[in-house]
Amino acid sequence: MSDINKVVLAYSGGLDTSVIVKWLQETYNCEVVTFTADIGQGEEVEPARAKAKAMGVKEIYIEDLREEFVRDYVFPMFRANAIYEGEYLLGTSIARPLIAKRLVEIAAETGADAISHGATGKGNDQVRFELGAYALAPGIQVIAPWREWDLNSREKLMQFCEDHEIPVDFTSKKKKSPYSMDANLLHISYEGGNLEDPWWEAEEDMWRWSVSPEAAPDKPTYVTLTYEKGDIVAIDGERLSGAEILSKLNKLGGDNGIGRLDIVENRYVGMKSRGCYETPGGTIMLPAHRAIESLTLDRESAHLKDSVMPKYAELLYNGYWWSPERLALQKLIDATQENVNGEVRMKLYKGAATVVGRRSENDSLFDASIATFEDDAGAYDQKDAEGFIKLNALRLRIAAKNGRKLF
């Protein structure tokens, strides 16, 4: 502990990290630098400055990272069509590498000896933060209070605040969500509380970003997305930045009841966890990207991408964004996106995001003259299929002649 003179803390200004500031100061007798990232969580981050100052913090970093988050993390992930265990769009997972990167960068800028975070010892985030930090700064020290202290309940945290005169919003009269929530520009997650019973149906008023499909408009919304090299660059012909695109898709999706998810997932540390997620924009983006790829990628490139996607998603979920294997997979994926250009038209209606059109002026591999059921004027010789089928059946016919049993 005597080796720790300064610590950079990932600081939200909420209960846990406010306690951590004071706990670090007392336990390690060190200076604390706070880092608050605006990655589109939908809440003001500037109040964290006043809270940090009130606890004697002299170096306070508050940064708007929304564009970097979407450009360098969300968009590359969607180029891979990444989805974990067939359902989860990785909204929390994708935010952690960026925060870890800035933590170690700020540690270098301020001469800090260590970084700290508020992730618990039961979850995935501790792994994601620390794997990222060690990959980028192998000599960095990490302090994870939840693995050290005995403040293992809300009541103990509140008592610590009272004993140390730490002002927190939790004592106000405003209604507080009973769930543990994490939000960024891609999604918002809900865990804990009644959700710890997998049979319990989440209350309607839990959801923050979307109306229920039942309450969504009776008339569908159509939206056209323009792609360049696998990334969305415009909505309905209007060019926007990455953060603006995701914000607009979140609004369109949420208004139409799109993006709600209730799952039980397998955490990297070994336990199963039930969580609910709202990812309106991402739920539109995934099928739209697959649609433009279906038009512009050849079969083997598309199938190769599909074969590596589960590994890519697992690496991201488990915290290996900065690993050599994820970086190598990203190069492969990005190489396939050179010709993924064009437009996709989506129909948004009562919880469903449906592809209803796709086109690419210069990069489409769809040839109507070959695919048509009408007269193709000799573009495709159907007689060629006979030899193709016989060659592919050769191994099956040989096995059958040898009496191999199939069942």
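A brief report on the enclosed structure follows. These numbers come from a predicted model, not from an experiment. (Residues numbered from 1 in each chain as written. Predicted model: local features only at pLDDT ≥ 70, side-chain atom pairs only at ≥ 80, totals over all residues. Heavy atoms only, no water.)

Side note on the sheet that holds strand β6 (residues 180-183)
Put simply, the rule reads: Strands qualify as paired when DSSP identifies two bridges or more between them. Here a helix means four or more residues in a row that DSSP labels H or I, a strand means two or more in a row labelled E, and each is numbered from the N terminus. With axes taken as lines fitted to C-alpha atoms, and helix axes fitted only over the stretch in contact, angles between N-to-C directions fall between 0 and 180 degrees.
Taken in spatial order, the four strands make up an open sheet running β6-β7-β12-β11, and their pairing is antiparallel. Here the strands that pair on one side only, and so sit at the sheet edges, are β6 and β11 (260-266). This sheet shows a mean twist of 25° between the axes of neighbouring strands, independent of strand direction. Here strand β7 (residues 188-191) pairs with strand β12 (residues 272-278) via three bridges, running antiparallel.

Topic: the packing of aromatic side chains
By convention here, two paired aromatic rings are described through the distance between centres and the angle between planes. As a reminder, the rule being used: For this analysis, a ring pair means two rings from Phe, Tyr or Trp (six-membered ring only for Trp) whose centres lie within 6.5 Å, classed as stacked if their planes differ by under 30 degrees, edge-to-face if by over 60, and tilted for the remaining angles. Using a 1.4 Å probe on the protein chains alone, a residue whose accessible area is under 20% of its type maximum counts as buried, one over 50% counts as exposed, and one in between counts as partly exposed. For a ring to carry a charge above it, either NZ of a lysine or CZ of an arginine must fall within 6 Å of the ring centroid while also lying within 35 degrees of the normal to the ring plane.
According to the stated counting rule, one finds 10 aromatic pairs in the structure shown. Note on tyrosine 268 and tyrosine 320: the rings are 6.0 Å apart at their centroids and 75° apart in plane angle, and the pair reads as edge-to-face. Of this pair, tyrosine 268 sits in the loop between β11 and β12 while tyrosine 320 sits in the loop between α9 (299-318) and α10 (324-336), and the two are 52 residues apart along the sequence. Here tyrosine 268 falls in the partly exposed class, since its relative accessible area comes to 38%. On the basis of relative accessible area, tyrosine 320 is assigned to the partly exposed category, the value being 25%. One aromatic cluster is present, formed by Trp23, Tyr28, Trp146 and Trp149 through successive ring pairs. Over the ring of tyrosine 317 we find arginine 128, and its NZ or CZ is 4.9 Å from the ring centre. Geometry around tryptophan 321 places arginine 326 over its ring, the cationic atom sitting 3.5 Å from the centre.

Considering the pairing of strand β9 (residues 231-235)
Two faces, one strand: in a regular strand the side chains alternate between the faces of the sheet. Most of β9 is tucked away: five of the five residues are buried. As paired strands, strand β8 (residues 221-228) and β9 are joined by four bridges and run antiparallel to one another. Looking at β9, one finds that glutamate 228 is bridged to aspartate 231. Linking two consecutive strands that pair antiparallel, namely β8 and β9, is a turn of two residues; a positive phi of about 50° is found at lysine 229 within it. Note: β9 against strand β10 (residues 238-239), two bridges, orientation antiparallel. Residue pairing across strands places isoleucine 235 opposite glutamate 238, the latter belonging to β10. The hairpin formed by β9 and β10 contains two residues between the paired strands, and aspartate 236 there has a positive phi angle of roughly 50°.

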